[in-house]
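# Per-entry structural report
Here is how the chains run, residue by residue.
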Amino acid sequence: MTKRKGLGDLISVILITVLFLVILVLVVFSAVSYQRSVDIQDGNNNTRAVLSYVTTAVKSNAGSDIKLTQRDGMTVLSIEDDGYEQQIFFKDGKVLETFTVPDVSPSDADALEVGEAGMFEMSIEGELLTIRTDIGTSYVTIRSN
């Protein structure tokens with residue numbers, strides 16, 4: 001009878017060990033899957049922010065003086081209205097925005113980070129503003145008064 005009890009105990013220990021290992025593998029797999037989905041969501045949020053922010057800023061300021069200027073070697077989207085200027089520019093891999101008085105060079109110390117991109121280029125042809133990034137391209141029509 002002791003042989004049967006010893007064999008039964010051994011089988012129980014092996015079964016519990018296998019179940020524990022299966023649970024451990026499932027927990028690790030779930031954590032890795034969750035981290036990957038969070039990374040994808042962060043990337044999508046950044047893409048949406050970078051591509052749509054400038055478009056939204058231009059559309060919400062329809063009728064304002066909207067132009068591209070060169071300041072301190074940077075291309076700056078200037079949206080001037082009621083004596084203030086909203087500046088959107090790209091520096092060190094970040095799309096930044098700042099509010100200031102007109103014709104002042106942008107300061108990244110006071111700027112709000114919109115998102116990150118490897119490349120950020122803006123151009124205006126007629127009434128069409130084109131925003132090109134490494135994560136996509138957006139177009140917006142500039143309407144004047």
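As the structure is a computational prediction, the values presented were derived from the model and not from experiment.

## Quick notes on the sheet that holds strand 8 (residues 136-141)
Spatially, 3 strands are ordered 6-7-8 in an open sheet, and the strand pairing comes out antiparallel. The sheet is open, and its two edges are formed by strand 6 (120-125) and strand 8, each paired on a single side. Neighbour-to-neighbour, the strand axes of the sheet open up by a mean angle of 15°, direction not taken into account.

## A few points about the sheet that holds strand 2 (residues 74-81)
Read from one edge of the open sheet, 5 strands run 1-2-3-4-5, paired in antiparallel fashion. Of all strands in the sheet, those bounded by a partner on one side alone are strand 1 (65-71) and strand 5 (112-116). Ignoring which end each strand starts from, the neighbouring axes of this sheet average 25° apart. Relative to strand 4 (residues 94-100), strand 3 (residues 84-91) is paired through 7 bridges, and the arrangement is antiparallel. Bridge pairing links Phe90 to Val95 in strand 4.

## Thoughts on the pairing of strand 6
Pairing between strand 6 and strand 7 (residues 128-133): 6 bridges, direction antiparallel. Residue Met122 lies in a different strand from strand 7, and its bridge partner there is Ile131. Here strand 6 folds back onto strand 7, and the loop between the two strands holds 2 residues, one of which, Gly126, carries a positive phi near 65°.

## Quick look at the pattern of salt bridges
Counted according to the given criterion, the structure contains 4 salt bridges. Beyond isolated ion pairs, a larger network of salt bridges with shared partners links Arg71, Glu85 and Asp103.

## Overview of the nonpolar core
In terms of nonpolar packing, the biggest core is built from 16 residues, with Val54, Val58, Leu77, Phe120, Leu129 and Ile131 touching the most fellow members. Contributions of two or more residues to this core are made by helix 1 (2-60), strand 2, strand 6 and strand 7. Looking at this core element by element, the count peaks at 4 residues for helix 1. The contacts of Leu77, once residues within four sequence positions are left out, are Val54, Val58, Ile66, Lys67, Leu68, Gln86, Gln87, Ile88, Met122 and Leu129.

## Re unusual backbone geometry
Even without being glycine, Asp72 reaches a positive phi, approximately 50°. Here Asp72 is to be found in the loop between strand 1 and strand 2. The exposure class of Asp72 is exposed, given its relative accessible area of 61%. One non-glycine residue, Asp82, adopts positive backbone phi at about 55°. Residue placement: Asp82 occurs in the loop between strand 2 and strand 3.

Procedures and definitions
Residues numbered from 1 in each chain as written. Predicted model: local features only at pLDDT ≥ 70, side-chain atom pairs only at ≥ 80, totals over all residues. Heavy atoms only, no water. Pairing = 2+ DSSP bridges. Helix = DSSP H or I, 4+ residues; strand = E, 2+ residues; numbered from the N terminus. Axes fitted to C-alpha atoms, helices over the stretch in contact; angles between N-to-C directions. Salt bridge = Lys/Arg side-chain N within 4 Å of Asp/Glu carboxyl O. Core = buried A, V, L, I, M, F, W, Y, C linked by side-chain atoms within 4.5 Å. Buried < 20%, exposed > 50% of the residue type's maximum accessible area, 1.4 Å probe, protein only. Contact = heavy atoms within 4.5 Å.

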